[in-house]
Amino acid sequence: METVVFAVLNGVIYGLLLFMLSSGLTLIFSMMGVLNFAHASFYMLGAYFAYTLMEGSNFWIALFIAPVLVGLAGMVVERYGLRKVHARGHVAELLFTFGLAYLIDEVVKIFWGRTAVNYKVPELLDFPLFTLYGAQYPAYRIFILLVAILMLVALWYLLRRTRAGLIIQAALTHPHMVGHLGHNVPMIFMMVFGAGCALAGLAGVIGGNYFITDPAMAVQMGPIVFVVVVVGGLGSLEGAFIAAMIIGLLQTSAVSINASLADIFGFLGLAGTSEVGGITIASMAPMLPFLLLVVVLMVRPTGLMGDREV
Amino acid sequence: MRSTRTAVLAAAVSAIAVTAAHADTIKMAFIDPLSGAMASSGEPALQSFMLAAEHINANGGVNGDDIEIVGYDNKVSPKESLVQLQKAIDSGARYIIQGNGSSVASAIIEAVNKHNARNPGEEVIFFNYAAVTPAFTNEACSFWHFRFDAHTDMKMNAITDWVAKRDDIKKVYIIGQDYVHGEAVAAAAVSQLKEKRPDIEIVGNELHPLAKVKDFTPYVQKIISSGADAVITGNWGQDMTLLVKAAADAGQKIPYLTFYGGSNGAVAALGEGAVDTLYQVSEGVTNLEASDEQYAMIEEYKERFPQYDYYYDRAFTTLQMFDAAAEKAGSVEPIAVANAMEGLEVDAAYGPATMRAEDHQLQQNLFVTTVAKDVKYGVDNTDLGWRLVDGGKISAEAASTPTTCQMERPE
């Protein structure tokens, strides 16, 4: 029982963090039609900006300023980089974001060094909130949960209940029509790109001290984020949400399962002493998201909620 | 702060380069992670070797020649290490230094064996300062490999001796990194506990991916629900720090018996919770009795590299031994040095150190230490530091284990 409770709690938090990261990517994807390889790099920038801002001020200021800075950086990239490359087609765009990811990686290494920085949880939240089955639960994790839910509600409200959201949604699918109606479509694209990056930055701010802030964080997070977007269905926020939750729960709960493949497939004659039979579910945890990706693409190429083929 | 550290490093490199101008240089290639998740293990080691080399050079060098340490980043990948090894050999390095990751060390030993067989007269020697898989000085031993750290079975002996004395420990959980080192640690723990305390139940024996886990909370919760009284782990680098960080977050207060609890950041992550819960077995810690020169060295290290602490004592022993061997041989040629090093004894900072001729495994004192307040030197910029536990000193003779090595020596 306690295993289930902890797995669900940790899985939901991890899933929400993943969603925060991939929601921006999904929006940008629906807009540009191209995966932004540099997206996880903006996540990393968020964590590093917050770390630096925290040295000069405090966490709460960093929590608001860092995502804004990341968003501004994203807008600059869209306005002066992507928009110029856009004319040359998707391959050029893809290569551009690919190069950008490496560029940000190197810049981070030059400014903040090659090793992890000591980006700490703020003291105000650094206490055990409650004790569950003999294990304390840190308050900061619940804080992440709250921030993520707040962001989720705000995003939903913005896109579904406001006029701005209406125009954004229209611009995503019918940019020319929206342009003919007198809206500044390039401007909308820039704002959406900036907002998407800011969301990734926010995930970096609250995730950087929950996990670890080092130059490898973008490379390690990048593939998982793509899995979320593709499994959820390209361009579908609802799909991304479901996929993020599935992956979050899958990865954290798999770690707590001690059973080996032999225990599960023993009825097929797989012995626990054999090479394959000895593999435990726990040791397969890092592989599961990618397994899910492959299976979903085979069974449902549009992803869970998407309407386009990959 | 970052940039000052880089500047200090750069200054150290250029200082060596400048002094090197008027004497012959002995190039030594340091191949270890200098970026990414495990750089917090590689970087301080490189700094330790550089500082040790600087001191030797300032005292007249090795037979008049200067040591130059050049860092090569291998990202803890055996494949990348072989590329870097070739680069190092091509640039004239005849001495290779590596330690982080037995998977890497194993690849280097094999590559060095091959290189030396194919290029007589251009042999290279491998100084292993931290890869502790027992096989390297047992069935897979090589004349070209010297190990300056106690291997897994030796360290585990110290840990299991400590556990054997603690009657309150009834259940032990073993967690490690999923590669040859983690497997060796688990195997040693299981077999030694069975022998010394058959009543102890091993309630978990788990391997997790190397340098990939960002959040150890699920693992720690598993440990808690298993009802373990103590945890044994061979984790190092980020895997060590994040494991104890998750344990601290969960409020877990059981002893963590580690090889590398001294990894940068582990004590800081635990804070005062580390007192009497975090244990490590190592060849020395800064708060042991030592000479004034040793204290001066510890302080110089901290001043030069404020982000880290003096931790890799064996780096200093390695170069001390190299210096002594070269002097004894009257040469810096690898084969002459290797022959001179066999059976050589030096006075290291924390006791005598002897390079056993049969298997090239350094025999030195081991110390079981735990975290305490009110110590001479704190770590991780806290006032907490490592203190010897009662009866925690294991003499070189007691720490020694027999070897099965059948060494093939060059003609």
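Thresholds applied
Residues numbered from 1 in each chain as written. Chains lettered and ligands numbered in written order. Predicted model: local features only at pLDDT ≥ 70, side-chain atom pairs only at ≥ 80, totals over all residues. Heavy atoms only, no water. UniProt positions renumbered as here; feature names shortened; annotations may be inferred. Domains from an automatic or database assignment. Buried area = accessible area lost by both parts, 1.4 Å probe. Salt bridge = Lys/Arg side-chain N within 4 Å of Asp/Glu carboxyl O. Polar contact = N/O pair within 3.5 Å; in protein donor to acceptor, adjacent residues only side chain to side chain. Helix = DSSP H or I, 4+ residues; strand = E, 2+ residues; numbered from the N terminus. Nonpolar A, V, L, I, M, F, W, Y, C, P; charged D, E, K, R; others polar. Core = buried A, V, L, I, M, F, W, Y, C linked by side-chain atoms within 4.5 Å. Buried < 20%, exposed > 50% of the residue type's maximum accessible area, 1.4 Å probe, protein only. Contact = heavy atoms within 4.5 Å. Axes fitted to C-alpha atoms, helices over the stretch in contact; angles between N-to-C directions. Parallel < 35°, antiparallel > 145°, perpendicular 65-115°, else oblique. Left-handed = near helix turned anticlockwise from the far one by under 90°. Disulfide = S-S within 2.5 Å. Phe/Tyr/Trp six-rings, centres within 6.5 Å; stacked < 30°, edge-to-face > 60°. Lys NZ or Arg CZ within 6 Å of the ring centre and 35° of its normal.

Looking at an unreviewed UniProt entry, one finds chain B named Branched-chain amino acid ABC transporter substrate-binding protein and attributed to Pseudooceanicola sediminis. Taken directly from UniProt, the Sequence similarities (unreviewed entry) text for chain B runs: "Belongs to the leucine-binding protein family."

An unreviewed UniProt entry annotates chain A as Branched-chain amino acid ABC transporter permease of Pseudooceanicola sediminis. In its Sequence similarities (unreviewed entry) section, UniProt records this for chain A: "Belongs to the binding-protein-dependent transport system permease family. LivHM subfamily." In UniProt, chain A has this text filed under Subcellular location (unreviewed entry): "Cell membrane".

**Student:** Give me the lowdown on the domain arrangement of chain B, citing residues and values where you can.
**Tutor:** All names here are of chain B. Domain annotation of chain B identifies domain 1 (2–150 + 289–363) and domain 2 (153–282 + 366–399). Relative to domain 2, the C-alpha centre of domain 1 lies at a distance of 27 Å. Between domain 1 and domain 2 lies a buried interface of about 2,200 Å² when both sides are counted; carbon and sulfur atoms form 62% of it. The partner of Lys155 in a salt bridge is Asp149, and the shortest N-O contact between them spans 3.2 Å. In this structure, the connection of domain 1 to domain 2 is made through 4 residue pairs in polar contact (both at pLDDT 80 or more). For the side of domain 1 that touches domain 2, the secondary-structure elements that each account for two or more residues are helix H2 (39–58), helix H4 (102–118), helix H10 (292–304) and strand E13 (362–363). In terms of residues, the side of domain 1 that touches domain 2 owes the most to one element, H10, which gives 4 residues. In terms of residue class, the side of domain 1 that touches domain 2 is made up of 14 nonpolar, 10 polar and 5 charged.

**Student:** If you had to explain the nonpolar core to someone new, which residues and values would you point to?
**Tutor:** Residue and element names in this part refer to chain B. Ranked by size, the top nonpolar core spans 241 residues in total, and within it Ile69 and Leu278 carry the most contacts. Domain assignment of the residues forming this core places at least three in each of domain 1 (2–150 + 289–363) and domain 2 (153–282 + 366–399). Leave out the neighbours within four places in its chain, and Leu278 touches Met240, Val244, Tyr256, Thr258, Gly261, Ala266, Val267, Leu270, Thr369, Thr370, Val371 and Trp386.

**Student:** Go over the packing of helix H10 (residues 237–255) of chain A against helix H13 (residues 288–299) of chain A, please, and point to the residues and values.
**Tutor:** Each pair of packed helices can be described by the angle between their axes along with the distance between the axes. All names here are of chain A. At a minimum axis distance of 9 Å, the contact between H10 and H13 shows a crossing angle of 135 degrees. With respect to H13, the element H10 is oriented oblique. In this structure, H10 crosses over H13, and the sense of that crossing is right-handed. Across the interface between the two elements, Ile246, Ile247, Leu250, Gln251 and Ala254 of H10 pack against Leu288, Pro289 and Leu292 of H13.

**Student:** Could you give an account of the state of the cysteines, naming the residues involved and the relevant values?
**Tutor:** All names here are of chain B. Scanning the model with the defined rule gives 1 disulfide over all chains in all. Note on cysteine connectivity: Cys141 is disulfide-linked to Cys405, with sulfurs 2.0 Å apart. Note on the Cys141 and Cys405 pair: the S-S dihedral is about 80 degrees, so by sign convention the disulfide is right-handed. A residue pair is termed long-range when its members are at least 10 positions apart, and Cys141 in the loop between strand E4 (125–128) and strand E5 (145–147) and Cys405 in the segment after helix H13 (396–399) qualify at 264 residues. The residues Cys141 and Cys405 share a single accessibility class, namely buried.

**Student:** So what's going on with the packing of aromatic side chains? Residues and values would help.
**Tutor:** Counting across every chain of the model gives 36 aromatic pairs over all chains. Their ring planes at 90 degrees and their centres at 5.3 Å tell us that Phe19 of chain A and Phe241 of chain A sit as a pair that is edge-to-face. On the criterion of sequence distance, the pair formed by Phe19 of chain A in helix H1 (residues 2–32) and Phe241 of chain A in helix H10 is long-range, its members being 222 residues apart. For Phe19 of chain A, a relative accessible area of 3% translates into the label buried. Pairing Phe30 of chain B with Phe49 of chain B gives two aromatic rings, centres 5.8 Å apart and planes at 55 degrees, and the pair type is tilted. Here Phe49 of chain B lies in helix H2 and Phe30 of chain B lies in strand E1 (residues 25–32), a separation of 19 residues in the sequence. Members of the aromatic cluster, connected to one another through ring pairs, are Phe30, Phe49, Tyr129, Tyr311 and Tyr312 of chain B. Its end group placed over the ring of Tyr80 of chain A, Arg79 of chain A keeps NZ or CZ at 5.0 Å from the ring centre. The ring of Tyr295 of chain B is capped by Lys376 of chain B, whose NZ or CZ atom sits 4.4 Å from the centre of that ring.

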